[in-house]
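As a plain string of letters, each chain reads:
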Amino acid sequence: MFKTVLFPIDQSRETREAADVVTNVVKKYSSRLVLLSVVEEPPPDAPSPDPMVSPEVVAKLLENAQSLFSGQGIQSEILERRGKPAFTICDVADEIGADLIIMGCRGLGLTEEGADDSVTTRVINLSPCPVLIVP
């Protein structure tokens, strides 16, 4: 059913919590697992750089995630891309033929103030495949 699962990752607690669900789905369906991290260009007026804009930090994050899944007996592929997270996630899902995207949710999109800024909400609206959100 889910031949290819895309798991976009960042350094959030929600991503770490979603990893258990990813493990269960990938094992149950013998899915191909693709780990994705997006390096976002910081706005020029950004007061302090976000760690997710550092290619070195993102590369280490992907390696650690790959090791985590490898320890569970799951082979994974890693992709690092530059761009706006929501659009890049959906573009990659389309490019790799993902059958499912699994994401953690910070809950910002559940409020009126956060709805416009939520990566999760944008992915849900733009995704070429089903999206499983892990609260």
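Just so it is clear, the model here is predicted, and its values are computed rather than measured.

Engineer: For this particular structure, what's the right way to read the overall build of the chain?
Structural biologist: Secondary structure assignment for the chain yields 4 helices and 5 strands. For the chain, the sequential pattern of α-helices and β-strands runs β-α-β-α-β-α-β-α-β. Expressed as a percentage of the 135 residues in the chain, the buried residues total 41%. Taking all contacts inside the chain whose residues are at least 6 apart in sequence as the whole, residues at least 24 apart take part in 73%. Element-wise, carbon and sulfur atoms account for 52% of the exposed surface of the chain, whose accessible area totals about 7,700 Å².

Engineer: Looking at this model, I keep getting lost on the confidence of the model for the chain. Mind explaining?
Structural biologist: Segments scoring low in pLDDT should not have their predicted coordinates read at a detailed level. Considering every residue of the chain, the mean pLDDT works out to 87; 83% of them sit at 70 or more. Of all the helices and strands in the chain, helix 2 (residues 55-71) carries the lowest mean pLDDT, 91, while strand 1 (residues 4-8) carries the highest, 98.

Engineer: Hey, could you run me through the nonpolar core in this one?
Structural biologist: Across soluble globular proteins, you tend to see nonpolar side chains buried next to one another. In this structure, V5, F7, V22, L33, L35, F69 and I102 are the most contacted members of the largest nonpolar core, which totals 21 residues. Mapped by element, the contributors of at least two residues to this core are strand 1, helix 1 (13-29), strand 2 (32-39), helix 2 and strand 4 (100-104). Filtering out sequence-adjacent residues up to four positions away, L35 remains in contact with F7, L62, A65, Q66, F69, S76, E77, I78 and L79. Ranked by size, the runner-up nonpolar core spans 15 residues in total, among them V38, A93, A98 and V123.

Engineer: Could you clarify how one ought to interpret helix 3 (residues 85-96) in this entry?
Structural biologist: The α-helix winds at 3.6 residues per turn, so residues separated by three or four positions along the chain end up facing the same way. Compared with the 16 Å implied by 1.5 Å per residue over 12 residues, the 16 Å span of helix 3 between its first and last C-alpha is a close match. For helix 3, the set of buried residues is P85, A86, T88, I89, C90, V92, A93 and I96. After helix 3 finishes, the residue G97 shows a positive phi value of roughly 70°.

Engineer: Explain the pattern of salt bridges here, please?
Structural biologist: Where charged atoms from two side chains of opposite charge approach closely, those side chains can pair. Taken as a whole and judged by the stated rule, the model has 5 salt bridges. Taking the shortest distance from any N to any O, the salt bridge between K84 and E40 comes out at 3.9 Å. Pair noted here: K84 is in the loop between strand 3 (76-82) and helix 3 and E40 is in the loop between strand 2 and helix 2, with a separation of 44 residues, a long-range link. A relative accessible area of 31% means that E40 is categorised as partly exposed. Two residues, R81 and E95, come together in a salt bridge whose shortest N-O distance is 2.8 Å. Taken as a pair, R81 in strand 3 and E95 in helix 3 lie far apart in primary sequence, 14 residues in all. For E95, a relative accessible area of 51% corresponds to the exposed category. When salt bridges with common partners are traced through the structure, they connect R13, E14 and E17 into a single cluster.

Engineer: How should the sheet that holds strand 2 be read in this particular structure?
Structural biologist: Within a sheet, each strand pairs with its neighbour through backbone hydrogen bonds, oriented either parallel or antiparallel. Read from one edge to the other, the open sheet built from 5 strands follows the order 3-2-1-4-5, with strand pairing classed as parallel. The sheet is open, and its two borders are formed by strand 3 and strand 5 (131-134), each paired with just one other strand. Within the sheet, the average angular offset between the axes of one strand and its neighbour, ignoring direction, is 25°. Against the sheet, helix 4 (residues 119-126) contacts strand 4 and strand 5, and its axis sits at roughly 165° relative to strand 4.

Engineer: Any chance you could explain helix 1 here in plain terms?
Structural biologist: End to end, helix 1 covers 25 Å across 17 residues, agreeing with the expected 24 Å (1.5 Å per residue, within 8%). In the structure, helix 1 departs most strongly from a straight axis at A19, where the bend amounts to approximately 25°. Taken together, the buried positions of helix 1 are occupied by E14, T15, A18, A19, V22, T23, V25 and V26. Lining the buried residues of helix 1 we find strand 1, strand 2, helix 2, strand 4 and strand 5. S30 occupies a position one or two residues after helix 1 and carries a positive phi of about 50°.

Conventions and cut-offs
- Residues numbered from 1 in each chain as written.
- Predicted model: local features only at pLDDT ≥ 70, side-chain atom pairs only at ≥ 80, totals over all residues.
- Heavy atoms only, no water.
- Helix = DSSP H or I, 4+ residues; strand = E, 2+ residues; numbered from the N terminus.
- Buried < 20%, exposed > 50% of the residue type's maximum accessible area, 1.4 Å probe, protein only.
- Contact = heavy atoms within 4.5 Å.
- Areas by Shrake-Rupley, 256 points an atom, 1.4 Å probe, with all protein chains shown as cover.
- pLDDT = per-residue confidence, 0-100.
- Core = buried A, V, L, I, M, F, W, Y, C linked by side-chain atoms within 4.5 Å.
- Expected span 1.5 Å × (residues − 1).
- Salt bridge = Lys/Arg side-chain N within 4 Å of Asp/Glu carboxyl O.
- Pairing = 2+ DSSP bridges.
- Axes fitted to C-alpha atoms, helices over the stretch in contact; angles between N-to-C directions.
- Bend = angle between axes of the 7 residues up to and from the residue.

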